[in-house]
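Residue-level structure breakdown
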Amino acid sequence: MSERKYFGTDGVRGRVGQYPITPDFVMKLGYAAGKVLATRGTKKVLIGKDTRISGYMLEAALEAGLSAAGVNIGFLGPMPTPGIAYLTKTFRAQAGIVISASHNPYYDNGIKFFSQNGEKLPDEVELAIEAELDKEMTCVESDKIGKAERIDDAAGRYIEFCKSNFPSQYSLSHLKIVVDCANGATYHIAPNVFKELGAEVITIGSTPNGTNINDNCGATSMAQIQAAVTEHKADIGIALDGDGDRLMMVDHTGTVVDGDELIYVIANSDREAGTLRGGVVGTLMSNMGLELALADMGVPFARSKVGDRYVMEMLQQNAWYLGAENSGHIINLNHTSTGDGIIAALNVLTAMCRSDKSLLALREGMSKLPQILVNVRFSGDSDPIVADSVVSAVHSVNEKLAGKGRVLLRKSGTEPLIRVMVEGPGLDAVTAYANEIADAVKQAC
């Protein structure tokens, strides 16, 4: 496959005001995407966004580019990424565009695309868009310019879709739930889903102001929801990220339950119900404890590269339906076409209702090995992973682990970070090993 110039693992992303997240580039991106998609029969594109203040600017830039390419636009307003994927299908649009930087701070933003099937665009389409970006931007004839409209009932449609994925024989009326919306795109959706299914809901992180998205709240910062669950004596906590495609949970003791444990709970519940088909896809970052727990259940497990698009690719290759990243991207193709934090939470709540057990009890069948992740920021131009000193440090740690653990170094697909992961027996030893390698990476940067 050709080298990508603009698209990362999750669309085009960066700091607002710095190339490529500038109004002029995003307008041209809209035009290039419109030109490419139009050749594939696209007549209408939906655009949704999270709650970042820069979303207004980027939305306008995309509108200008797409309409210049002759593509009609439907604006969804603030909407979770998986909601945009779902609505792209239900409105029979030929593509959906998400303006979001997911779990990143407000000063970052990004653009990603969905196909008419609610799936991420194939590589060949993204590469075609990149090729079009290198050409001069023009404009269709005036009578061919695309039109734009606001879709007012988008949130209500998505709420009803989410509720339809919770079995009708169950109710959440016996549960008190804390929901943290990360001051992001689910703020007006997630609380209503769980309330309308009967739960008593305490909501936090639901007052977006354009700059507080993911700010010490949501799935990437769990202290606030842990405290809220304990304070309110809640049965469970549900933490979403800024664009709603990531889920972390908290059990009634205030303990964090990550993506590895949640996919174990869902897979085990489906197995006990006799509905599990095939195996589970994790990533290179998935805890070895998940792999061992699934093996004890007789459930196959496969690792993809890091990134939910690669989890999806492996699910499709194996004809399986369950996959997850430990960071909380959970895919259940029996319910959705992409990772969806609200749907994943409903899958876990279904497991609780089926078994009449707490989340704490359901996760006890899996024991995680200590796993330490250290992020090292680098310029983005260098490649410290291949430096002799880093290679030597990794070799040294592998010798100390003696086959009883794993070392993984990789570049983040969304930020200029080298991620250093070490997994093995003994938290203190694993921490020391991870810091040893991270120090070598810092010196090589």
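Structure report, in brief.

Cut-offs and rules
Residues numbered from 1 in each chain as written. Predicted model: local features only at pLDDT ≥ 70, side-chain atom pairs only at ≥ 80, totals over all residues. Heavy atoms only, no water. Core = buried A, V, L, I, M, F, W, Y, C linked by side-chain atoms within 4.5 Å. Buried < 20%, exposed > 50% of the residue type's maximum accessible area, 1.4 Å probe, protein only. Helix = DSSP H or I, 4+ residues; strand = E, 2+ residues; numbered from the N terminus. Contact = heavy atoms within 4.5 Å. Salt bridge = Lys/Arg side-chain N within 4 Å of Asp/Glu carboxyl O. Pairing = 2+ DSSP bridges. Right-handed = clockwise from strand over helix to strand, strands pointing away. Axes fitted to C-alpha atoms, helices over the stretch in contact; angles between N-to-C directions. Phe/Tyr/Trp six-rings, centres within 6.5 Å; stacked < 30°, edge-to-face > 60°. Lys NZ or Arg CZ within 6 Å of the ring centre and 35° of its normal. Expected span 1.5 Å × (residues − 1). Arc of directions from axis to C-beta.

**Some remarks on the nonpolar core**
Of all hydrophobic cores here, the largest spans 66 residues; its most connected members are L172, F194, I342, L346 and L349. Residue contributions to this core peak at 10 residues, all from helix α11 (residues 341–355). Apart from the residues within four sequence positions on either side, L172 is in contact with F166, I177, F194, L197, G198, A199, L349 and C353. Counting 29 residues, the second largest nonpolar core, distinct from the first, contains F25, A32, V45 and L133.

**Section: the pattern of salt bridges**
Tallying each qualifying case throughout the model produces 27 salt bridges. In this structure, D10 and R13 form a salt bridge, with 3.2 Å as the shortest nitrogen-oxygen distance. This pair shows no difference in class: D10 is buried, exactly as R13 is. Between K112 and D10 there is a salt bridge whose closest N-O contact spans 3.3 Å. Here D10 lies in the segment before β1 (12–15) and K112 lies in strand β5 (residues 108–115), a separation of 102 residues in the sequence. Each member of the pair, K112 together with D10, is buried. Connected through salt bridges with shared partners, the residues D10, R13, K112, K120, D243, D245 and D308 form a single ionic network.

**Considerations on the sheet that holds strand β11 (residues 256–257)**
Taken together, the five strands give an open sheet; going across it, the order is β8-β7-β9-β10-β11, and neighbouring strands pair in mixed fashion. What marks the edges here is a single partner per strand, and that holds for β8 (200–204) and β11. Pairing of strand β7 (residues 176–180) with β8 involves five bridges; the strand directions are parallel. Within the sheet, the bridge partner assigned to I177 lies in β8 and is V201.

**Here we look at the environment of G83**
Mapped onto the secondary structure, G83 falls in helix α3 (residues 81–90). By relative accessible area, which is 0% here, G83 ends up buried.

**Points about the pairing of strand β2 (residues 44–49)**
Among the six residues that make up β2, five are buried, leaving the element largely enclosed by the rest of the structure. Looking at chain direction, β2 and strand β3 (residues 72–78) are connected through six bridges and run parallel. From the neighbouring strand, G48 faces β3, where its bridge partner is G77. On the question of chirality, the crossover connecting β2 to the parallel β3 by way of helix α2 (residues 55–68) is right-handed. Looking at chain direction, β2 and strand β4 (residues 95–99) are connected through five bridges and run parallel.

**Here's the deal with the sheet that holds strand β14 (residues 322–324)**
The strand order across the open sheet formed by four strands is β13-β12-β14-β15, and the pairing between neighbours is mixed. Two strands bound the open sheet, and with one partner strand each, they are β13 (301–304) and β15 (330–332). Strand-to-strand twist of the sheet, defined as the mean angle between neighbouring strand axes without regard to direction, takes the value 20 degrees. In this structure, β14 lies alongside β15, joined through three bridges in antiparallel fashion. When the sheet's bridge partners are listed, G323 is paired in β15 with I331. Lying over the sheet, helix α9 (residues 288–297) contacts β12 (280–283) and β13, oriented at roughly 155 degrees with respect to β13.

**Notes on the pairing of strand β18 (residues 417–423)**
Consecutive side chains of a regular strand alternate in pointing toward one face of the sheet and then the other. Taken across its seven residues, β18 has seven buried, putting it largely inside the fold. Side chains L417, R419, M421 and E423 project from β18 onto one buried face, and the interleaved I418, V420 and V422 project onto a second face that is buried too. In this sheet, β18 lies alongside strand β16 (residues 371–377) in antiparallel orientation, the contact comprising seven bridges. If you follow I372 over to β18, its bridge partner there is V422. In this sheet, β18 lies alongside strand β17 (residues 406–411) in antiparallel orientation, the contact comprising six bridges.

**Comments concerning the packing of aromatic side chains**
In the structure shown here, the tally under the stated rule is eight aromatic pairs. Relative to F25, the ring of Y6 has its centre 5.2 Å away and its plane inclined at 45 degrees; by these criteria the two rings are tilted. Pair noted here: Y6 is in the segment before β1 and F25 is in helix α1 (residues 23–39), with a separation of 19 residues, a long-range link. Judged by relative accessible area, F25 falls into the buried class, the value being 7%. Grouped by ring-pair contacts, the aromatic residues Y6, Y19 and F25 constitute a single cluster. Taking NZ or CZ as reference, K49 lies 3.9 Å from the ring centre of Y56, over its face. Of note, K305 hangs over the ring of Y310, and the distance from its end group to the ring centre comes to 4.3 Å.

**Details of helix α13 (residues 388–401)**
With 14 residues, α13 should cover 20 Å at 1.5 Å per step; its first-to-last C-alpha distance of 20 Å lies within 8% of that length. What α13 keeps buried is the set V390, A393, V394, V397 and L401. Along the long axis of α13, the arc covered by the buried residues comes to 100 degrees, so they all point the same way. Every exposed residue of α13 that faces more than 90 degrees away from the buried side is listed here: D388 and E399. Among the structural elements, β17, β18 and α14 (427–444) are those in contact with the buried residues of α13. Residue A402 follows α13 closely and has a positive phi angle near 50 degrees.

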